[in-house]
Amino acid sequence: MSVRVRFAPSPTGYLHIGSLRTALYNYLYAKHNGGTCILRVEDTDRTRLVEGAIEEQIESLRWAGIVFDEGPHIGGDFGPYIQSERFHLYNQYGMQLVESGHAYYAFDTSEELDAMRARQQAAGIAPKYDRSSMRNQYTIGDDETANLLAVNAPHVIRLKVPLQTDVHFHDDVRGDMVVGGREIDDQILVKSDGFPTYHLANVVDDHLMEITHVIRGEEWLPSTPKHILLYEAFGWKPPSFSHLPLLLNADRSKMSKRHGDVMVQDFRAKGYFPQALVNYVSLCGWNPGSDREIYSLSELVDVFTLERVNKAGAVFDYKKLDWMNGEYLKAMDPKDLAAELMPELSYAGYTYTEPSFVANVAELLRERVTFLKDIAVFGDYLFTDGIPALSELTEEASKPLGSSETLGLLRANDAFMTALRAFRADFNDDVANDHDGFKALAQASAEANGLKLGAFMKPLRLVLTHRDVGADLFRTVQLLGAKRCITRIDGFLS
RNA sequence: GCAGCGUUCGUCUAGGGGUUAGGACACCGCUCUUUCACAGCGGUAACACGGGUUCAAUUCCCGUACGCUGUACCA
């Protein structure tokens, strides 16, 4: 039987990085096995719906390179793929369970439920729906039940968990599991508003959509026995389950917004490459069994197996993600980098944006930044005619920056000023394009005034770029071109 | 509280009855160098604890501790 997996997000907000990892593993597993990857929207809770959330999540997934074979945005033979469009199905299956005795109506009010839990708490018992003490009805033919239903008394449908039997299931990540029936609560299947809960809708849809493998976060492990019970009640064959370890905050709690940016769009906005984010996240909770760490999406498809998924949660390491992003930055084709950089440059209003020039700049500067877009800031002096004024430089860009005070000190430094004039006198287009000639001129100018090469080059960089740091100065000069260099030197000397 | 799950360097992890317990990020040092980086080289750093099984346990078993998740008419 061919593999069919699903990623089933709830449209309650932006796509979480943990959800991206879950979607990724589903995708990798499906593609590794030549199977089908389905997107299904689980919007059974109408109170938590967020407008536009589905679209945002699909877009984030698309950005990450995860493509689905079936889903609300592409269709398929098992649709609709949005649960709110399938509500009629769940009611029908809920009724079926009541009729077969696997579920029952319960008419308790929330006050009664609260009181029950309070009693249990006081008695030190685990809170669980107590069928014997509550006002509920087990049989549909029952007179009182019929009367209550006739007057539209608010009610839910609950799963009738067999107390005496243990529920067994196998998890492909964690092995064989067994949970005693007495530990499982009589889960609400259909809410009093007539809408199904996740548990019912999820099982019904996984069955109807012929899902073979459920790959989801570890937070679902405790409710899996309920799902198994539902499959058994319906007489359906359950899929196999894999519960993924959680992505954690530095304090090892479930990764959440309180501790930093955790939405995929946050990472996107910061400038991470989707390939880097996907690559990094693939390694949180799984490993390929080798020391290699850089994998493209299709390479991940080739090597991904559920057997190599870990059991323990993984703390998300933003620093390692940064490193990985840098690896991608260094590996990419400068032409592509230039194309991606272009919007930043036009936004900043820069004039030197000829693609091959930008590609050269990107190739030169990418060694020293984490994000591509940093090049636009870090190398601002390359993209304009006028040298950016010290005061105009952003704080981010000015970390290793000289100050106007430094420039003043330079002007007071006779040895440097004389050397700079000597350098300026012989500097021309040829020098700007000849590494050895450039170095010889710089050296000669410096030494004639008793300066070491470094004591000349560093200030020269400051004069030309208004920065203390940057790429190799010769290559910088080459990219700047003789004309701009001369203008800047003259500007400083005048 | 109850239930389930988990526990190898700070972090991600490899490994697995006999290993100098390997790699990566981070950190530190050195080299390179006109700066900052990059790179190269080197370094600090881990099997939670206690019992058992065994000639031998970090690895298997049982406890304990700690952590996490769940315990909703949320998903």
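Every value quoted in this text rests on a predicted model; they were computed, and no experiment measured them.

1. Topic: the overall build of chain A
Point 1. Helices and strands together make up the secondary structure of chain A, namely 20 helices and 12 strands.
Point 2. For 494 residues, the compact-globule formula gives about 23 Å, and the C-alpha radius of gyration of chain A, at 32 Å, lies well above that figure.
Point 3. Each of the three principal axes of chain A carries a C-alpha extent, and together these read 110 × 45 × 35 Å.
Point 4. Counting across all 494 residues of chain A, residues that qualify as buried make up 50%.
Point 5. Considering only contacts within chain A whose residues lie at least 6 apart along the sequence, 74% involve residues at least 24 apart.
Point 6. Counting only carbon and sulfur atoms, one obtains 51% of the accessible surface of chain A, whose full area is about 23,000 Å².
Point 7. Of the charged side chains in chain A, 51 are positive and 69 negative; the average position of the first set lies 3 Å away from that of the second.

2. Quick look at the protein's contact with RNA strand B
Point 1. As a matter of local geometry, RNA strand B sits amid 59 residues, with Arg174, Gly285, Asn287, Glu293 and Arg368 nearest to it.
Point 2. Within 4 Å of the protein, the contacting atoms of RNA strand B are 73% sugar and phosphate, with bases supplying the remainder.
Point 3. Thr44 places a polar side-chain atom, nitrogen or oxygen, 2.7 Å from a phosphate oxygen of RNA strand B.
Point 4. Asn287 is positioned with one of its side-chain polar atoms (N or O) 2.4 Å from a phosphate oxygen of RNA strand B.
Point 5. Of all the elements in the fold, those that place two or more residues in the surface near RNA strand B are strand E12 (314-315), helix H11 (318-331) and helix H19 (453-465).
Point 6. It is H19 that provides the largest number of residues to the surface near RNA strand B, a total of 5 residues.
Point 7. Of the residues in the surface near RNA strand B, the class split is 21 nonpolar, 12 polar and 26 charged.

3. Focus on the packing of aromatic side chains
Point 1. Tallied over the full model, the rule gives 25 aromatic pairs.
Point 2. With centroids separated by 5.1 Å and ring planes inclined at 50°, the aromatic side chains of Tyr25 and Phe304 adopt a geometry described as tilted. Of the two residues, Tyr25 sits in helix H1 (residues 17-32) while Phe304 sits in the loop between helix H10 (297-303) and E12, which places them 279 residues apart along the sequence. Phe304 matches Tyr25 in its accessibility class, with the two residues each being buried.

4. Notes on the confidence of the model for chain A
Point 1. On average, residues of chain A score 90 in pLDDT, and 96% of them are at 70 or above.
Point 2. The low-confidence segment residues 392-401, where pLDDT is below 50, has 17 contacts with residues more than four positions distant or belonging to other chains.

5. Overview of the environment of Tyr14
Point 1. Checked against the element boundaries, Tyr14 lands in the loop between strand E1 (4-7) and H1.
Point 2. Residue classification places Tyr14 among the partly exposed residues on the basis of a relative accessible area of 43%.
Point 3. For Tyr14 and Gln265, which are 251 residues apart along the polypeptide, the C-alpha to C-alpha distance reads 7.6 Å.
Point 4. Tyr14 has contacts with Glu56, Gln57, Met263 and Gln265, leaving out every residue within four places of it along the chain.

6. Section: the sheet that holds strand E5 (residues 156-159)
Point 1. The strand order E4-E3-E5-E8 describes an open sheet built from 4 strands, whose pairing is antiparallel. Looking at the sheet topology across the chains shown, the edges are occupied by strand E4 (136-137) and strand E8 (188-190).
Point 2. In this sheet, E5 lies alongside strand E3 (residues 103-106) in antiparallel orientation, the contact comprising 4 bridges. Looking at E5, one finds that Ala106 is bridged to Val156.

7. Here's the deal with the pattern of salt bridges
Any two side chains of opposite charge can pair if their charged atoms end up close together.
Point 1. Enumeration over the complete set of coordinates arrives at 21 salt bridges.
Point 2. Measuring nitrogen to oxygen at the nearest pair gives 2.9 Å for the salt bridge that ties Arg292 to Glu299.
Point 3. Under the relative-accessibility criterion, Glu299 is labelled partly exposed at 31%.
Point 4. Through salt bridges with shared partners, one network takes in Arg6, Arg40, Glu42, Arg86, Asp205 and Asp206.

Cut-offs and rules
Residues numbered from 1 in each chain as written. Chains lettered and ligands numbered in written order. Predicted model: local features only at pLDDT ≥ 70, side-chain atom pairs only at ≥ 80, totals over all residues. Heavy atoms only, no water. Helix = DSSP H or I, 4+ residues; strand = E, 2+ residues; numbered from the N terminus. Rg over C-alpha atoms; globule rule 2.2 N^0.38 Å. Buried < 20%, exposed > 50% of the residue type's maximum accessible area, 1.4 Å probe, protein only. Contact = heavy atoms within 4.5 Å. Areas by Shrake-Rupley, 256 points an atom, 1.4 Å probe, with all protein chains shown as cover. Lys, Arg positive; Asp, Glu negative; His and termini not counted. Charge placed at Lys NZ, Arg CZ, Asp CG, Glu CD. Near = heavy atom within 4 Å. Polar contact = N/O pair within 3.5 Å; in protein donor to acceptor, adjacent residues only side chain to side chain. Nonpolar A, V, L, I, M, F, W, Y, C, P; charged D, E, K, R; others polar. Phe/Tyr/Trp six-rings, centres within 6.5 Å; stacked < 30°, edge-to-face > 60°. pLDDT = per-residue confidence, 0-100. Pairing = 2+ DSSP bridges. Salt bridge = Lys/Arg side-chain N within 4 Å of Asp/Glu carboxyl O.

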